[in-house]
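In case you want the letters, here they are:
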Amino acid sequence: MLCSFYKKIYNVVDDPSLDQIISWSKSNNSFIVWNLEGLEREVLPKSIEFGKHYLKFMTELKFYGFKSIKGSAQWEFGHEYFVRGQPELLVKMMFGMKRIEELADKRRAKKKKAKAEAEAKARAEEVEDRLQHL
């Protein structure tokens, strides 16, 4: 799934038939959305990972590590490993995201364990309290 998102966005940006809608920037290390209506009509419906609306697409880009390029007059997004003519770098993007997911999983497990311990402590205190009132 992760790799799928990166490959799909790379292929969309790299597709010259879509250049009026979305294309590489002049620097070749970011892309520009030129036409929001065209994006929602022509690009987004073709991939479930992108979402149906531009705002969902932007949310997905941020989730997958893309940054909005400041100072651009258009909607421009980049990632250090998203480079025109270098699709082999997409693997580095995938591993970066995989590491973030692993850390998030560890954080969730730690919270779940702390919650279970707190609940067990509360139950033990309740039992102790009931025993004292017998």
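Definitions and cut-offs
- Residue positions are given per chain, counted from 1 along the sequence in the order it is written.
- Reporting of local features is limited, given that this is a predicted model, to residues whose pLDDT is at least 70; pairs of side-chain atoms are given and counted only at 80 or more, and all residues count toward the totals for whole chains, interfaces and linings.
- The basis for every side-chain value is the complete set of non-hydrogen atoms in the structure, without hydrogens or water.
- Think of it in three bands: residues with accessible area under 20% of the maximum for their type are buried, residues over 50% are exposed, and the middle band is partly exposed, with areas taken using a 1.4 Å probe on protein chains only.
- Only DSSP runs of H or I covering at least 4 residues are called helices, and only runs of E covering at least 2 are called strands; the numbering of each starts at the N terminus.
- Our arc is simply the arc of the directions from the helix axis toward the C-beta atoms.
- Surface patches are defined over residues having more than 30% relative accessible area and no salt bridge, joining like charges when they lie within 9 Å and nonpolar side chains (Val, Leu, Ile, Met, Phe, Trp, Tyr) when within 5 Å.
- Calculation of accessible area relied on Shrake-Rupley with a 1.4 Å probe; when residues are assessed, cover is drawn exclusively from the protein chains displayed.
- Criterion for a salt bridge: a side-chain nitrogen of Lys or Arg within 4 Å of a carboxyl oxygen of Asp or Glu.
- Note that His is not counted, nor are the chain ends; the positive residues are Lys and Arg, and the negative ones are Asp and Glu.
- Every residue pair with non-hydrogen atoms within 4.5 Å of one another is taken to be in contact.
- Per residue, pLDDT measures the predictor's confidence, with a range of 0 to 100.
- The pairing criterion is simple: DSSP has to find at least two bridges between the two strands.
- By convention a nonpolar core is built from buried Ala, Val, Leu, Ile, Met, Phe, Trp, Tyr and Cys residues, the set being connected through side-chain atoms within 4.5 Å.

Student: An account of helix H3 (residues 54-63) is requested, with residue identities and associated values reported.
Tutor: Within H3, the full set of buried residues consists of Tyr54, Phe57, Met58, Glu60 and Leu61. End-on view of H3: buried residues confined to an arc of 160 degrees, all on one side of the axis. Away from its buried face, by an angle of more than 90 degrees, H3 presents the exposed residues Leu55 and Lys62. Of the residues flanking the end of H3, it is Gly65, one or two places downstream, whose phi is positive at about 95 degrees.

Student: Could you give an account of a nonpolar patch on the surface, with specific residues and numbers?
Tutor: Taken together, the side chains of Val127, Leu131 and Leu134 make up a nonpolar region of the molecular surface, amounting to roughly 360 Å² of accessible area. Within the fold, Leu134 resides in the segment after helix H4 (90-132). Leu134 sits in the exposed class, given a relative accessible area of 84%.

Student: Account for the side chain of Glu76, naming residues and giving values.
Tutor: Residue position: Glu76 is located in strand E4 (residues 75-78). Buried charge Glu76 goes without a salt bridge, the closest partner of opposite sign being Lys26 at 10 Å. When residues no more than four places from it in sequence are discounted, the contact partners of Glu76 are Ser25, Ser30, Phe31, Ile32, Lys67, Ser68 and Ile69.

Student: Break down the pattern of salt bridges for me, with residues and values.
Tutor: Here the structure, examined in full by the defined rule, presents 3 salt bridges. With a closest N to O distance of 2.9 Å, Lys56 and Glu60 form a salt bridge. On the criterion of helical spacing, the pair formed by Lys56 and Glu60 is a turn pair, its members being 4 residues apart in helix H3. With a shortest N-O distance of 2.8 Å, Glu126 and Arg130 are connected by a salt bridge.

Student: Outline unusual backbone geometry, supporting the account with residue identities and numerical values.
Tutor: The phi torsion of most residues other than glycine is negative, and most of the peptide bonds are trans. One non-glycine residue with positive phi stands out, namely Asn28, at about 65 degrees. Position of Asn28 among the secondary structure elements: in the loop between strand E1 (22-24) and strand E2 (30-33). Using a relative accessible area of 28% as the deciding quantity, one classes Asn28 as partly exposed.

Student: Which residues make up the confidence of the model for the protein chain, and what are the values?
Tutor: Residues of the protein chain with pLDDT of at least 70 account for 90%, and the chain-wide mean is 85. E1 holds the highest mean pLDDT among the elements of the protein chain, 96, whereas H4 holds the lowest, 77.

Student: For the sheet that holds E1, give the residues involved together with the corresponding values.
Tutor: Here we have 4 strands laid out as an open sheet, ordered E1-E2-E4-E3, and antiparallel in their pairing. Single-partner strands in this sheet number two, and they are E1 and strand E3 (67-68). Bridging between E1 and E2 involves 3 bridges; their strand directions are antiparallel. Following the sheet pairing, Ser23 is matched in E2 by Ile32.

Student: Before we move on, can you summarise the nonpolar core with the specific residues and values?
Tutor: By size, the foremost hydrophobic cluster in this structure holds 26 residues, and its most contacted members are Ile9, Ile22, Phe31, Leu39, Phe57, Phe66 and Phe82. Elements supplying a minimum of two residues to this core: helix H1 (2-14), E1, E2, helix H2 (36-43), H3 and H4. The element best represented in this core is H1, accounting for 6 residues. Sequence-distant contacts of Ile9, that is, excluding residues within four places in its chain, are made with Phe31, Phe50, Phe57, Leu61, Phe66 and Phe82.

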